[in-house]
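The lines below spell out each chain.
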Amino acid sequence: MEQAAYKPGEHPDLPPPSDTVGPIAWVRANLLSSPTNIVLTVLSIWFLYEIIPATLDWAFLDAAFTGESRDECRAKAGGACWAFIGERFNLFTYGFYPADERWRIDLAFVLLCVALLPVLWDRCPLRKYGLYFACAFPFVAGWLLLGGFGLTPVDTDEFGGFMLTLVIGITGITFSLPIGIILALGRQSDMLIVRVFSIWFIEFFRGVPLITLLFVASTMLNYFLPTGTTFDLLLRVLIMVTLFASAYMAEVIRGGLQALPRGQYEAADSMGLKYWTSMRLIILPQALKISIPGIVNTFIGLYKDTTLVIIIGLLDPLGVGRSSLADTKWTGLSNEMYLFVAIFFFISCFGMSRYSLYLEKKLATGHER
Amino acid sequence: MNETADKSNDNPEKEIVIVIRKMHKWYGQFHVLKDINLNVERGEKIVICGPSGSGKSTLIRCINRLEEHQDGEIIVDGTELTNDLKNVELVRREVGMVFQHFNLFPHLTVLDNCTLAPIWVRKEPREEAEATAMEYLERVKIPDQANKFPGQLSGGQQQRVAIARSLCMKPRVMLFDEPTSALDPEMIKEVLDVMIELANVGMTMLCVTHEMGFAKTVADRVIFMDEGEIIEQNKPHDFFDSPQHDRTKLFLSQILNH
Ligand SMILES: Nc1ncnc2c1ncn2[C@@H]1O[C@H](COP(=O)(O)OP(=O)(O)OP(=O)(O)O)[C@@H](O)[C@H]1O
Ligand SMILES: [Mg+2]
């Protein structure tokens, strides 16, 4: 049927039909679009209905937030006993770090945030100086945590809890990326020795479970090192974790390098760019961008693997938690403890994952050919 | 470009820019280039044609050592290409290359694509490099796209950026490897126009192309290759009207009666 038509070239922009926009249309399109979809929607609602009230009840409404022991908690409420976490909070956070010196950890953490800001956010004011500070941060943090030069020395045996997780995780992340890049480039090198070394390094560290490496770090190295040398256990763990993650990182980045069209290398070569210049300005920015999901994946894996250090006797949050559970005052509260630790890890890892998505979006430069 | 234009083509004492003597190249056991001898004069425009797989790309890629030759010699602007990286870098500064698939750097803007090599290889200050880049982008008629990323441009525009990018290094020789074969027909002309303009200001050009119209109007010499050998070379007029060799005749009949 012919409606009042517009003359060619005079058609105005009309709004879309009202039943294709708005919340009702959204529900119809996303939740009720097909019989399967309807069934899934109904099931999900039922599932949430079963889970959420019970969880809320346990975690908040019927929970005890104060108390001196498990029994006191139980007398007050039937749900979670957060008093346990409250009492042990400092232990979870600082490990056995001397109470009078804990301000140093707090300060290091604040400085960490200051250092991360310019690294993660490219429009941060004074970014250049921020980056200088970020480079200096590891040394500053090392000094604050270990002491010396005017601060009371603290032994690494006393490190523990979330602070230990952060120390291992951040060291591993910071060093595994550059080492991984070098290894990935080495694996593609024209120089036989460099290539063979990179391949063997990567294959060895990828082929051995991290736990094994940690055992090697804690016991076997003593046989190899000259007797009498002391070589800090935490330092050994840091080295092992870093090398382990570097091997994975190298493979992730190699994937990115190989995904680049050969033309990019050729264009860079044909302009007379030197190897390191073309890697830095042309190849790596693109290869790393492609590899972001894999790189962050490796970071997250490394971060969670830090909990393995419990096996060789370092007290990470899980170690702290388990030793706390051994206290007769608090036995049987493992749900609270594991949930608490899980939330800590989830926040860190989810943060990394969201940041990687943000970065991918930001670095997109139109559809690539 | 103007300074090269002054060295007019009518100069009797022609300066030789590229010398290739008894050059051979193998890919493993495969003898891909056989006894190549070629002298290119300053300002000369050479079109290389031949069937697919005849070694045209390999030949021009040897000239800036994207490929290594195993025997004979290649001398570009007085520098012999050897394993000495210094020489290779020297030659690559003077020789620009335009690829079939443009090979722009997708993570950099058009302007940054153009200034990268001048800044990092020729160590020009950024302002100077940007001024030069804008000049060449104007010459290829896309100054308004300078701040876009390559992915946002059409194929023809990308190829013109690629040409501008090479020119920003102020090369003495330009190599083109089928610069128009990845383009839609309506974009071929805009790229050819830029190349013709470049030829008119006296750039030394070696150009692998199937655009026979371009060869007829611009080339000083057409080279026909087959199976790794230079079979025949001649002025375009003679090359197209009276080819000497049977293989040339066959090739021409195939591409012209299309
Ligand atoms: N890296 C390589 N390794 C082995 N063989 C190769 C390699 N590159 C090219 N070849 C072979 O060398 C021969 C010449 O290749 P080249 O790319 O120079 O041909 P061409 O004349 O440019 O062809 P086209 O018109 O299809 O581009 C072909 O037979 C090709 O298969
Ligand atoms: Mg080719």
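Residues numbered from 1 in each chain as written. Chains lettered and ligands numbered in written order. Predicted model: local features only at pLDDT ≥ 70, side-chain atom pairs only at ≥ 80, totals over all residues. Heavy atoms only, no water.

Novice: Help me out: how do you make sense of the overall build of chain A in this one?
Specialist: Counting its regular elements, chain A contains 14 helices and zero strands. Ordering the α and β elements of chain A from the N terminus gives α-α-α-α-α-α-α-α-α-α-α-α-α-α. A globule of 369 residues ought to have a C-alpha radius of gyration of about 21 Å, yet chain A, at 27 Å, is considerably larger. Taken along the three principal axes of its C-alpha coordinates, chain A extends 95 × 70 × 40 Å. A burial count over chain A gives 40% of its 369 residues as buried. Summarising the internal contacts of chain A: among those between residues at least 6 apart in sequence, 67% fall at separations of at least 24. Charge-centre separation for chain A: the mean point of 27 positive side chains lies 8 Å from the mean point of 30 negative side chains. (Helix = DSSP H or I, 4+ residues; strand = E, 2+ residues; numbered from the N terminus. Rg over C-alpha atoms; globule rule 2.2 N^0.38 Å. Buried < 20%, exposed > 50% of the residue type's maximum accessible area, 1.4 Å probe, protein only. Contact = heavy atoms within 4.5 Å. Lys, Arg positive; Asp, Glu negative; His and termini not counted. Charge placed at Lys NZ, Arg CZ, Asp CG, Glu CD.)

Novice: Sorry, what's going on with the pairing of strand 7 (residues 173-177) of chain B here?
Specialist: Every regular strand shows the same layout, with side chains that alternate between the two sheet faces. Residue and element names in this part refer to chain B. Most of strand 7 is tucked away: five of the five residues are buried. Burial along strand 7 is two-sided: Val-173, Leu-175 and Asp-177 facing one way and Met-174 and Phe-176 facing the other are all buried. Summarising the sheet, strand 6 (residues 95-98) and strand 7 pair through four bridges and their orientation is parallel. Bridging from a neighbouring strand, Val-95 pairs with Val-173 of strand 7. The sheet contact formed by strand 7 and strand 8 (residues 204-208) spans five bridges and is parallel. Pairing of Met-174 across the sheet is with Met-205, part of strand 8. What joins strand 7 to strand 8 is helix 7 (residues 185-200), and the crossover it makes is right-handed. (Pairing = 2+ DSSP bridges. Right-handed = clockwise from strand over helix to strand, strands pointing away.)

Novice: Help me out: how do you make sense of unusual backbone geometry in this one?
Specialist: Among all residues save glycine, negative phi is the norm, and among peptide bonds the norm is trans. Even without being glycine, Leu126(A) reaches a positive phi, approximately 55°. Structurally, Leu126(A) is set in the loop between helix 5 (102-120) and helix 6 (127-146). Given a relative accessible area of 66%, Leu126(A) falls into the exposed group. Not every positive phi belongs to a glycine, and Glu178(B) is a case in point at roughly 45°. If you trace the backbone, Glu178(B) turns up in the loop between strand 7 and helix 7.

Novice: I keep staring at the site of ligand 1 and nothing clicks. Help me out?
Specialist: All names here are of chain B. Looking at ligand 1, the residues that line it are Tyr-27, Phe-30, Val-32, Pro-51, Ser-52, Gly-53, Ser-54, Gly-55, Lys-56, Ser-57, Thr-58 and Glu-178. Measuring from an oxygen atom of ligand 1, one finds a side-chain N or O atom of Thr-58 at 2.4 Å. With the chains in place, 60% of the 640 Å² that ligand 1 exposes on its own is no longer accessible. Here the residues of the shell around ligand 1 are counted per class, giving four nonpolar, six polar and two charged. (Near = heavy atom within 4 Å. Polar contact = N/O pair within 3.5 Å; in protein donor to acceptor, adjacent residues only side chain to side chain. Areas by Shrake-Rupley, 256 points an atom, 1.4 Å probe, with all protein chains shown as cover. Nonpolar A, V, L, I, M, F, W, Y, C, P; charged D, E, K, R; others polar.)

Novice: What is the right way to read the pattern of salt bridges from this model?
Specialist: Should the charged atoms of two oppositely charged side chains come close, the side chains can pair. A full pass over the atoms with the stated rule returns 29 salt bridges over all chains. The shortest N-O distance in the salt bridge between Arg61(B) and Glu266(A) comes to 2.7 Å. Pair noted here: Arg61(B) is in helix 2 (residues 56-63) and Glu266(A) is in helix 11 (residues 262-270), and the two residues belong to different chains. Residue Arg61(B) is classed as buried on the basis of its relative accessible area, which comes to 9%. With a relative accessible area of 11%, Glu266(A) lands in the buried category. (Salt bridge = Lys/Arg side-chain N within 4 Å of Asp/Glu carboxyl O.)

Novice: Explanation requested: empty space enclosed by the protein in the structure shown.
Specialist: Space left empty within the atom packing is revealed by a probe, the size of a water molecule, rolled over the atoms. Following the criterion strictly, the structure yields two cavities of 30 Å³ or more and no others. Lining the largest cavity are 13 residues, and of these Ser270(A), Met271(A), Gly96(B), Met97(B) and Ser166(B) sit closest to its centre. Within the residue set of the lining of the largest cavity, elements represented by two or more residues are helix 11 of chain A together with helix 3 (85-94), strand 6 and helix 6 (155-167) of chain B. When residues in the lining of the largest cavity are grouped by element, the largest group, three residues, is from strand 6 of chain B. Looking at the lining of the largest cavity residue by residue, the class counts come to seven nonpolar, three polar and three charged. (1 Å grid on protein atoms, 1.4 Å probe; cavity = no way out; pocket = protein on both sides within 12 Å on 5 of 7 lines; lining within 4 Å. Points joined across faces, edges and corners; volume = space filled by probe spheres on them.)

Novice: For this particular structure, what's the right way to read the interface of chain A and chain B?
Specialist: The extent of an interface is frequently quoted as the accessible surface area lost upon association of the parts. With 23 residues of chain A in contact, the opposing surface of chain B contributes 27 residues. Interface area for chain A against chain B, summed over the two sides, is near 2100 Å², with a carbon-plus-sulfur share of 62%. At the surface where chain A touches chain B, the tally comes to two salt bridges. The salt bridge involving Lys274(A) is made with Glu89(B); its shortest N-O contact spans 3.4 Å. Scanning the region where chain A abuts chain B turns up six residue pairs in polar contact (both at pLDDT 80 or more). (Buried area = accessible area lost by both parts, 1.4 Å probe.)

Novice: Sorry if this is basic, but what is going on with a nonpolar patch on the surface here?
Specialist: The grouping of Val39(A), Leu43(A), Trp46(A), Phe47(A), Leu48(A), Ile51(A), Ile52(A), Leu56(A), Phe60(A), Leu61(A) and Phe65(A) at the surface amounts to a nonpolar patch, some 1200 Å² of accessible area in total. The residue Trp46(A) is located in helix 2 (residues 35-61) in this model. (Patch = residues over 30% accessible without salt bridge, like charges linked within 9 Å, V, L, I, M, F, W, Y side chains within 5 Å.)

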